[in-house]
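Topology and contacts: notes
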Amino acid sequence: MSYLEAQHLSHSFKGTPVLKDVSFSCEKGETLCLMGPSGSGKTTILRILAGLIQPDQGTVLLEGANITNFKPSERHLAMVFQSPALFPHTKVRHSIGYGLHKLGYNNAEADQMVMDAARLLKIEDQLDKYPGTLSGGQAQRADIARAIVRKPEILLLDEPFSSLDQQLKEELMEEMKRIQKKMGMTMIFVTHDETEANILSDKIIYLNHSEF
Ligand code: ADP
Ligand code: MG
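Residues numbered from 1 in each chain as written. Chains lettered and ligands numbered in written order. Predicted model: local features only at pLDDT ≥ 70, side-chain atom pairs only at ≥ 80, totals over all residues. Heavy atoms only, no water.

**What about the site of ligand 1?**
Around ligand 1, a shell composed of F13, V18, P37, S38, G39, S40, G41, K42, T43 and T44 is seen. Here an oxygen atom of ligand 1 sits 3.0 Å away from a polar atom, N or O, in the main chain of G41. Contact distances for ligand 1 include 2.8 Å between an oxygen atom and a side-chain N or O atom of K42. At 3 residues, the largest contribution of residues to the shell around ligand 1 is made by helix α1 (residues 42–50). Its residues placed into classes, the shell around ligand 1 shows 3 nonpolar, 6 polar and 1 charged. (Near = heavy atom within 4 Å. Polar contact = N/O pair within 3.5 Å; in protein donor to acceptor, adjacent residues only side chain to side chain. Helix = DSSP H or I, 4+ residues; strand = E, 2+ residues; numbered from the N terminus. Nonpolar A, V, L, I, M, F, W, Y, C, P; charged D, E, K, R; others polar.)

**Focus: the layout of surface pockets**
In this approach the atoms are scanned with a rolling probe the size of a water molecule, which exposes any empty space left behind. In this structure, the largest pocket occupies an estimated 840 Å³ of space. As for the largest pocket, its lining consists of 23 residues, and the residues nearest its centre are P72, S73, L77, A78 and R150. Secondary structure elements with two or more residues in the lining of the largest pocket: β6 (77–80), α2 (92–97) and α4 (136–148). Per-element tally for the lining of the largest pocket: the top contributor is β6, with 3 residues. Among the residues forming the lining of the largest pocket, the class breakdown is 15 nonpolar, 3 polar and 5 charged. In this structure, the second largest pocket occupies an estimated 150 Å³ of space. The wall of the second largest pocket is formed by M113, D116, A117, R119, L120, I148, V149, K151, K182 and M183. (1 Å grid on protein atoms, 1.4 Å probe; cavity = no way out; pocket = protein on both sides within 12 Å on 5 of 7 lines; lining within 4 Å. Points joined across faces, edges and corners; volume = space filled by probe spheres on them.)

Right under this line is the structure:
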């Protein structure tokens, strides 16, 4: 039994098949990379793993338990979307800490969690800025801090480095490796870039559309 297993996932949007019998697995602490051409269903797979879409067929198992019908909040995972999910009109610290009070953390605990995440991403001096004033690299770091603030067991990343130039990309990839090791997180990320995939991943899953 693997830590996370996707078994025989199939999904259509309005009658158009997007995924057909896709299966893969990964172990705890591993980095799995999903590669494939645009439209091959990479984002759809992440959304199924996150619980944002119910697959037409197939199951998602976490440590052997069927979580296919679990709500996103019951899955101990977080997702970094293709476009940053920071609130435009609030300071970065509020985007990162959003929802922590609802989970029962008090102000001091929430502040500490935001600071810990910001330190890991090296953006502690950006917390009182508004997203519009951050550079592309800083915004991406803030968005990853938002995702990891609750210390998820699994981090899903949808083309997280695609808008960054080569040097920033390499820096952030190194940071992510370090953070992953430190937190013992499992990462599943989508990329178009073979070099990125080779640097970061333990395992690469290729999707293609030729079977349809
Ligand atoms: P990728 O991330 O590999 O580019 P996606 O998973 O985003 O691919 O999309 C796969 C296919 O499903 C695309 O053809 C896309 O247009 C379609 N699709 C994705 N989400 C929806 C949706 N909510 N409604 C209808 N079609 C969708
Ligand atoms: Mg996509």
